[in-house]
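Okay, here's what each chain looks like letter by letter:
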Amino acid sequence: MDARAFGESLVTLLVIMDPVGGAPIFLSVTAGLSPRERQVAALRAVGAAAALVFGFALFGGLVLDYLGVSIESLSIAGGLLLLLVALEMLRGEDFPSGPSADVALVPLATPLLAGPGAIATVIVLMRRHDDTGGRVSVVLGIAVAILIVGASLLLAERVARYLPEGIVSFLTRVFGLLLSAIAVQLIVDGVLGLTD
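The paragraphs below set out a description of the structure included in this document. Please read these numbers as outputs of a predicted model, since none were measured by experiment. Along each chain, numbering runs from 1 in the same order as the chain's sequence is written. Under the rules for a predicted model, residues below a pLDDT of 70 receive no local features and side-chain atom pairs below 80 are neither given nor counted, while totals for whole chains, interfaces and linings still include all residues. Note: side-chain values were computed over all heavy atoms of the structure, leaving out hydrogens and water.

### Quick look at the overall build of the protein chain
Thought 1: The numbering of helices and of strands both runs from the N terminus, where a helix is a DSSP run of H or I of at least 4 residues and a strand a run of E of at least 2. Tallying secondary structure elements over the protein chain gives nine helices and zero strands in all.
Thought 2: Helices and strands in the protein chain line up, N terminus first, as α-α-α-α-α-α-α-α-α.
Thought 3: Rg of the C-alpha trace for the protein chain: 17 Å, near the compact-globule value of 16 Å for 196 residues, within the 12% margin.
Thought 4: Reported as C-alpha extents along the three principal axes, the dimensions of the protein chain are approximately 55 × 30 × 30 Å.
Thought 5: Burial status follows relative accessibility: with a 1.4 Å probe on protein chains alone, a residue under 20% of its type maximum counts as buried, one over 50% as exposed, and anything between as partly exposed. Sorting the 196 residues of the protein chain into buried and exposed places 42% on the buried side. We compute the radius of gyration over the C-alpha atoms and compare it with the globule rule, which gives 2.2 Å times the number of residues raised to the power 0.38.

Quick look at the structure:
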């Protein structure tokens, strides 16, 4: 197991998926549901997000090869996408949550949990850590991140009771700052890779 690959995957996905900032958004999107329906929505959202993220982590490289897209280009594109998400977090903007027949899938599973930033990131991580130990570590990092996000959604009501809105807003902006630094590093790595 590659501890660096595991840590990088876990931290990056936690910052992107933002379990602390996602809990109040989850509560607002599921406000009309009973507590039992809210728990089912959380489990369905996490399951759908996990399927998307794992699917792209395992097979996204094949899609890139088929399309002829380099890892450097994907790194730059992923960095730009992450930067957009980071800017939304820094400005305190919520994800759109219009009427939907199934809020567990849209907007919860995507774009809240498995948005383009998370998808691009797992593809880049799998390509960056291309040995067996690295890939296993990335997959484990993804699994732990999804479990943490799932737990935060299931415990969202308790979290909302104990964390004032101002603290949640502050933490979301801190996560946004960290995410913007990760995004810039992805862009720099991609540009340096293209110039080599």
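Back to the write-up after that little detour.
### Concerning the packing of helix α3 (residues 35–67) against helix α7 (residues 132–154)
Thought 1: Orientation is described by lines fitted to C-alpha atoms, with helices fitted over the stretch in contact, and by angles between N-to-C directions that extend from 0 to 180 degrees. Contact pair α3 / α7: the axes reach a minimum separation of 10 Å and the direction vectors enclose 165°. Classified by the interaxial angle, the pair formed by α3 and α7 is roughly antiparallel. As α3 packs across α7, the resulting crossing turns out to be right-handed. Together, Gln39, Ala42, Leu43, Val46, Ala50, Val53, Phe54, Ala57 and Leu58 of α3 and Val139, Ile142, Ala143, Ile146, Gly150, Leu153 and Leu154 of α7 make up the contact between the two elements. By definition in this entry, angles of less than 35 degrees are roughly parallel, angles greater than 145 are roughly antiparallel, angles of 65 to 115 are roughly perpendicular, and the rest are oblique. Handedness of a crossing follows from how the near helix is turned relative to the far one, being left-handed for an anticlockwise turn of less than a right angle and right-handed for a clockwise one. Working rule for contacts: check all heavy atoms of both residues, and any pair within 4.5 Å makes them a contact.

### Observations regarding a nonpolar patch on the surface
Thought 1: A residue counts toward a patch only above 30% relative accessible area and without a salt bridge, and it is joined to like-charged neighbours within 9 Å or, for Val, Leu, Ile, Met, Phe, Trp and Tyr, to nonpolar neighbours within 5 Å. Only the protein chains shown count as covering a residue, and every accessible area follows the Shrake-Rupley method with a 1.4 Å probe. For this analysis, a salt bridge means a side-chain nitrogen from Lys or Arg found within 4 Å of a carboxyl oxygen belonging to Asp or Glu. A grouping of Val63, Tyr66, Leu67 and Val69 is seen on the molecular surface, where their side chains present a nonpolar patch of about 440 Å² in accessible area.
Thought 2: As for its placement among the helices and strands, Leu67 is situated in helix α3.

### Remarks on the pattern of salt bridges
Thought 1: In this structure the tally under the stated criterion is four salt bridges.
Thought 2: The residue Glu8 makes a salt bridge to Arg4 at a minimum N-O spacing of 3.8 Å. Of the two residues, Glu8 and Arg4 both sit in helix α1 (residues 3–17), four residues apart, roughly one turn of that helix.
Thought 3: For Arg4, a relative accessible area of 62% gives the class exposed.
Thought 4: Across the salt bridge formed by Asp65 and Arg127, the nearest N and O atoms sit 3.6 Å from each other. In this pair, Asp65 is assigned in helix α3 and Arg127 in helix α6 (residues 116–128), connecting sequence segments 62 residues apart.
Thought 5: Given a relative accessible area of 51%, Asp65 falls into the exposed group.
Thought 6: Judged by its relative accessible area of 26%, Arg127 is partly exposed.
Thought 7: Within the structure, one salt-bridge network assembled from shared partners comprises Arg4, Glu8, Arg128 and Asp189.

### Some details on α7
Thought 1: The span expected for a helix works out to 1.5 Å for each residue beyond the first. Its 23 residues give α7 an end-to-end C-alpha distance of 33 Å, which sits within 8% of 33 Å, the value for a rise of 1.5 Å per residue.
Thought 2: Restricting attention to buried positions, one finds in α7 the residues Gly134, Ser137, Val138, Gly141, Ile142, Ala145, Ile146, Val149, Gly150, Ser152 and Leu153.

### Here we look at the side chain of His129
Thought 1: Tracing the backbone through its elements, the reader meets His129 in the loop between α6 and α7.
Thought 2: Engagement of the side chain of His129 in a polar contact is seen with the side chain of Glu8, the distance being 3.0 Å.
Thought 3: Contacts of His129, omitting those with residues within four sequence positions, involve Asp2, Arg4, Ala5, Glu8, Gly134, Arg135 and Val138. A 3.5 Å cut-off defines polar contacts: any pair of N or O atoms within that distance qualifies, except that in protein one atom must be a possible hydrogen donor and the other a possible acceptor, and neighbouring residues in sequence count only when both atoms are side-chain atoms.

### A short note on the environment of Leu74
Thought 1: If you trace the backbone, Leu74 turns up in helix α4 (residues 71–91).
Thought 2: Residue Leu74 is classed as buried on the basis of its relative accessible area of 11%.
Thought 3: Along the backbone, Leu74 and Ile187 are 113 residues apart, and their C-alpha atoms lie at a distance of 9.2 Å.
Thought 4: Among residues more than four places away in sequence, those in contact with Leu74 are Leu64, Val69, Ala120, Ile123 and Val124.

### Some thoughts on the environment of Ile16
Thought 1: Within the secondary structure, Ile16 sits in helix α1.
Thought 2: On the basis of relative accessible area, Ile16 is assigned to the buried category, the value being 7%.
Thought 3: A C-alpha to C-alpha distance of 8.3 Å links Ile16 and Gly176, two positions 160 residues apart in sequence.

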